[in-house]
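# Overview (structure and organization)
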Protein chains: 2
Amino acid sequence: MIKVAIMGYGTVGSGVYEVIRTNEKSIDKKVGQKLRIKYVLDLREFPDDPVMEVLTHDFEDIINDEEVRIVAEVMGGLHPAYEFTKRCLETGKSVCTSNKELVAEYGAELIQIAKDHQVNYLFEASVGGGIPIIRPLNSSLTADVILEVSGILNGTTNYMLTKMDREGLEYLDVLKEAQDKGYAELHPEADVEGWDACRKIAILTSLASGNQVDYRDIYTEGITKITSEDFLYAKKLNRSVKLLAISRKVGDTYCAMVSPALVHREHPLYVVNDVFNAVFVKGNMLGNSMFYGSGAGKLPTASAVAGDMVDAARHLGKIITLFWDPEKLELAPVEQMNRRFFIRVKSDAEPEKLFGDGERIHAGISGEIGFITPVMTEAEYAEKAKDAQIISMIRVEG
Amino acid sequence: MIKVAIMGYGTVGSGVYEVIRTNEKSIDKKVGQKLRIKYVLDLREFPDDPVMEVLTHDFEDIINDEEVRIVAEVMGGLHPAYEFTKRCLETGKSVCTSNKELVAEYGAELIQIAKDHQVNYLFEASVGGGIPIIRPLNSSLTADVILEVSGILNGTTNYMLTKMDREGLEYLDVLKEAQDKGYAELHPEADVEGWDACRKIAILTSLASGNQVDYRDIYTEGITKITSEDFLYAKKLNRSVKLLAISRKVGDTYCAMVSPALVHREHPLYVVNDVFNAVFVKGNMLGNSMFYGSGAGKLPTASAVAGDMVDAARHLGKIITLFWDPEKLELAPVEQMNRRFFIRVKSDAEPEKLFGDGERIHAGISGEIGFITPVMTEAEYAEKAKDAQIISMIRVEG
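Residues numbered from 1 in each chain as written. Chains lettered and ligands numbered in written order. Predicted model: local features only at pLDDT ≥ 70, side-chain atom pairs only at ≥ 80, totals over all residues.

So, on to unusual backbone geometry. The linkage connecting H79 of chain A with the following residue, P80 of chain A, adopts the cis geometry, with an omega of 10°. Positive phi, close to 55°, is recorded for Q118 of chain A, a residue that is not glycine. The topology assignment puts Q118 of chain A in the loop between helix 5 (100-116) and strand 6 (121-122). Its 14 C-beta neighbours within 10 Å are what place Q118 of chain A among the partly exposed residues. For Q389 of chain B, which is not a glycine, the phi torsion comes out positive at approximately 45°. Within the secondary structure, Q389 of chain B is located in the loop between helix 14 (378-385) and strand 19 (392-397). (Helix = DSSP H or I, 4+ residues; strand = E, 2+ residues; numbered from the N terminus. Buried ≥ 20, exposed ≤ 12 C-beta atoms within 10 Å, placed from the backbone.)

Right, here's the structure in full:
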């Protein structure tokens, strides 16, 4: 029998508890022996919840119990998650996590500590919730050079943008509704400013390149300035506005950014709506592939954590190879990224003079027109845009 | 240095050669040492092709060379692929394959032989070409009970149906065009009769259940009877016709079938067009997820074989756990499968009398109407349909 512990009994933690209890029989079969929860760590009490049988308030109970071989870290935040994870790994316990902040910040270091102690640090749930993407990147697409990994990596903003697209609502109205429904937090910055997507694309770029990417180096722009007018233009263009996290190979490194983008109806990411997430991967041999699923939510995320626990249980004493060296990857400057730009300008403006031949779009909004520039770098765009009195700009994908 | 061999220098075999040579540097990094091709086995000669340096006509060269630790079996067909694979495994060589016929027929046995000899039999490329689906099913979605695994698993028929949908062409015309373009074979039965998709859904069902599924038990219907009129109705219904392979959990077993189906625009599989494939997986915790990519083609399939070779190289002497016992799974009778049915009948028919309240569809075809039945089992439908003078029937998905 393998004993495990769950640190944190919030949304994901209670989900992990539920997954392991509900699917006990099939999980035991996959592990090859029984897998049982010995501790759940949380500072709170949960009267009348069966979790009370295994609840502890003291991390030392877990760390001092040699029977516990695998720990789910689903507390979130950097501290004390970092210290707890490190101590678990150092005492020979594998750790499985959904904590993207921690993975983005300390991933390479924790993988190394795990390796040094013949245990595993697994984090499938940290990107894309229930979508298997870490493992395919790490063990399936290994014969390919990854040319691009992009995606819709945040469920909250995708829900909001889908709502704006379908119902013509304004940003603040959908934010309020998302908050009422519990899809967005009271302080929604981590989602709507793109910080969450930024950490996730940092993790994916680290795995694609094999080196540590600092998420602080990634240009990140949220959805707070997107308006219902933008969607009128998008419709005219057979496109929708999505918050995209993009990472593309440039020479020996990658160029990464998070920003809203106009995605065409024929792009595989166009149909990814509501709280769904998707990761698009382009390999130099494989071509295009996409992984789609529930990007957030209690049970999908918990399922990914529990799947990692099954894998850790199958690999007791064996290291699952992960390519993520602590050496830092210097990202290519985002200024070099090439694309078209959609801008809104006054109706008497002549954007062609500044940007060259492009496409004018009329969405029936008085006093202004839309314009799609030719392909240019971010740097060129920024230079030309200075004099263009731009009402708003959204990048064009594909 | 790890020496490998490739058996078969056809489309996929030459692709594997190309992937390993082109991505040599990144593959070596992932393996942790050099991985080099020592033999390519083919009966033919390839003058002026650099492969001549490593070409052999004699399988014994490979089997007798202890240096060769990993072999790609990309010959196709059952014999001698089966005998060659078995001998490789028995002499301690891991085998990676794209041969779905062989995997569907002898998968469980070959996995067992591999295990007995501390080597691996890997077959990511056998389903969905370059789409990683075997490994996610086997190592990521392990905390879930798989409720459904379905998909568009055959690129040739999907190309043909997409063409019929977009251009209003007839079956025989698109078949001819697909043959001219090399997408369909001169004897296209394996694709158009659904046999290829049948073997693939048998493999996926084996992995979802952990037991051996006999593909002969799976009800299989091809696309040869689909007409341009069917697509007129499909359009009216915001649907398209796809060749779907479906496997659903029923009690302790699964119910599987391959048939054309009307897929709604909002279903994730609707946007899977041309030669692309996709596998849809529903877990009891995970919910819906989908894996999308190039389902066939030289390089995507070769990339999956080469990815397996990298994994085999990383696991020399270690067994990668696969859940696929030789014990046979008795599938649930397809007669129990529940769904709606789309039928075409004469315009004076009253399908409501036989099938109950449903939906009538007029597609502007004189002398007939379309009708969608309420949900019923295949058995009920077959019974009622006897007296209904049905022009044609297509199953309705979702």
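Take the pairing of strand 13 (residues 287-294) of chain A next. Side chains on a regular strand alternate between the two faces of the sheet. Most of strand 13 of chain A is tucked away: 6 of the 8 residues are buried. Where strand 12 (residues 276-283) of chain A lies against strand 13 of chain A, 8 bridges are found, and the strand directions are antiparallel. Residue pairing for strand 13 of chain A: A278 of chain A is matched across the bridge by Y292 of chain A. Connecting strand 12 of chain A to the next strand, strand 13 of chain A, in antiparallel fashion are 3 residues. With 5 bridges joining them, strand 13 of chain A and strand 13 (residues 287-294) of chain B adopt antiparallel strand pairing. Looking at strand 13 of chain B, one finds that G293 of chain A is bridged to S289 of chain B. (Pairing = 2+ DSSP bridges.)

In this section: the relation of the copies chain A and chain B. When chain A is brought onto chain B, the operation consists of a screw motion whose angular component is 180° and whose axial shift is 0.0 Å, with 0.0 Å RMSD remaining. The symmetry that links the two subunits is that of a two-fold axis. When C-alpha positions in chain A are compared against the rotation axis, the closest is assigned to F291 of chain A, at 2.4 Å. By residue overlap, the copies meet face to face through one surface: 100% of the interface positions of chain A are interface positions in chain B. (Least-squares fit on C-alpha atoms with pLDDT ≥ 70 in both. Contact = placed C-beta atoms within 7 Å.)

Before going further, it helps to examine the sheet that holds strand 4 (residues 68-73) of chain A. Residues and elements named next belong to chain A. Ordered in space as 3-2-1-4-5-6, the 6 strands form an open sheet in which the pairing is parallel. Of all strands in the sheet, those with a lone pairing partner are strand 3 (55-56) and strand 6, marking the two edges. In this sheet, strand 5 (residues 94-97) lies alongside strand 4 in parallel orientation, the contact comprising 4 bridges. When the bridges of strand 5 are listed, V71 appears paired with V95.

Our next topic: the interface of chain A and chain B. Contacts between chain A and chain B engage 42 residues on the former and 42 residues on the latter. When residues of the side of chain A that touches chain B are traced back to their parent elements, those giving at least two are helix 2 (24-31), helix 6 (134-140), strand 13 and helix 12 (298-314) of chain A. When residues in the side of chain A that touches chain B are grouped by element, the largest group, 9 residues, is from helix 12 of chain A. A per-class count over the side of chain A that touches chain B returns 21 nonpolar, 15 polar and 6 charged. (Nonpolar A, V, L, I, M, F, W, Y, C, P; charged D, E, K, R; others polar.)

Okay, the sheet that holds strand 2 (residues 35-41) of chain B next. Residue and element names in this part refer to chain B. Taken together, 6 strands build an open sheet; the order of strands is 3-2-1-4-5-6 and the sheet is parallel. The open sheet has two edge strands with one neighbour each: strand 3 (55-56) and strand 6 (121-122). Where helix 1 (residues 11-22) meets the sheet, it contacts strand 1 (2-7), strand 2 and strand 4 (68-73), and its direction lies at approximately 160° from that of strand 2. (Axes fitted to C-alpha atoms, helices over the stretch in contact; angles between N-to-C directions.)

This next bit is on the packing of helix 4 (residues 81-90) of chain A against helix 5 of chain A. Residue and element names in this part refer to chain A. Where helix 4 contacts helix 5, the two axes come as close as 10 Å, and the packing angle between them is 15°. Classified by the angle between their axes, helix 4 and helix 5 sit roughly parallel to one another. The handedness of the crossing between helix 4 and helix 5 is right-handed. Contact residues: helix 4 offers A81, Y82, T85, K86, L89 and E90, while helix 5 offers L102, Y106, L110, I113 and A114. In terms of residue class, the contact of helix 4 with helix 5 is built from 8 nonpolar, 1 polar and 2 charged. (Parallel < 35°, antiparallel > 145°, perpendicular 65-115°, else oblique. Left-handed = near helix turned anticlockwise from the far one by under 90°.)

Taking 1.5 Å per residue as the helical rise, helix 12 of chain A with its 17 residues ought to reach 24 Å, and the 24 Å between its terminal C-alpha atoms agrees with that figure. Summarising burial for helix 12 of chain A: 15 of the 17 residues are buried, a large majority. (Expected span 1.5 Å × (residues − 1).)

Our next topic: the domain arrangement of chain A. All names here are of chain A. Considered domain by domain, chain A is made up of domain 1 (2-129 + 298-327), domain 2 (134-294) and domain 3 (334-397). Relative to domain 2, the C-alpha centre of domain 1 lies at a distance of 27 Å. Taken together, the contact between domain 1 and domain 2 spans 19 residues of the former and 20 residues of the latter. Within the residue set of the side of domain 1 that touches domain 2, elements represented by two or more residues are helix 5 and strand 14 (325-328). A total of 6 residues in the side of domain 1 that touches domain 2 trace back to one element, the largest contributor, which is helix 5. Looking at the side of domain 1 that touches domain 2, its residues break down into 10 nonpolar, 4 polar and 5 charged. (Domains from an automatic or database assignment.)

Further remarks concern the packing of helix 7 (residues 155-167) of chain B against helix 8 (residues 171-180) of chain B. Residue and element names in this part refer to chain B. Two elements in contact, helix 7 and helix 8, have axes whose closest approach is 9 Å; the angle formed by their N-to-C orientations is 130°. By the angle class used here, helix 7 and helix 8 are oblique. The hand of the helix 7/helix 8 crossing is right-handed. On helix 8, the residues touching T156, Y159, M160, K163 and M164 of helix 7 are Y171, V174, L175 and A178. When the residues that make up the contact of helix 7 with helix 8 are grouped by side-chain class, the tally is 7 nonpolar, 1 polar and 1 charged.

Turning our attention to the environment of F342 of chain A. Of note, F342 of chain A is situated in strand 15 (residues 338-346). With near-sequence residues (within four places) excluded, F342 of chain A lies in contact with Y233, L262, G370, I372, M393, I394 and V396 of chain A.

Residue and element names in this part refer to chain B. Examined against the element boundaries, R239 turns out to sit in strand 10 (residues 239-250). What makes R239 buried here is the crowd of 24 C-beta atoms within 10 Å. Taking the C-alpha atoms as reference points, R239 and V334, 95 residues apart in sequence, are found 24 Å from one another. In contact with R239, not counting residues within four places along its chain, are A234, L262, V263, H264 and R265.

Residues and elements named next belong to chain B. Counting buried residues along strand 12 (residues 276-283), 7 of its 8 residues qualify, which places the element largely inside the surrounding structure. Where strand 7 (residues 146-152) and strand 12 come together, 6 bridges link them in antiparallel fashion. Bridge pairing in strand 12 places G151 opposite V279.

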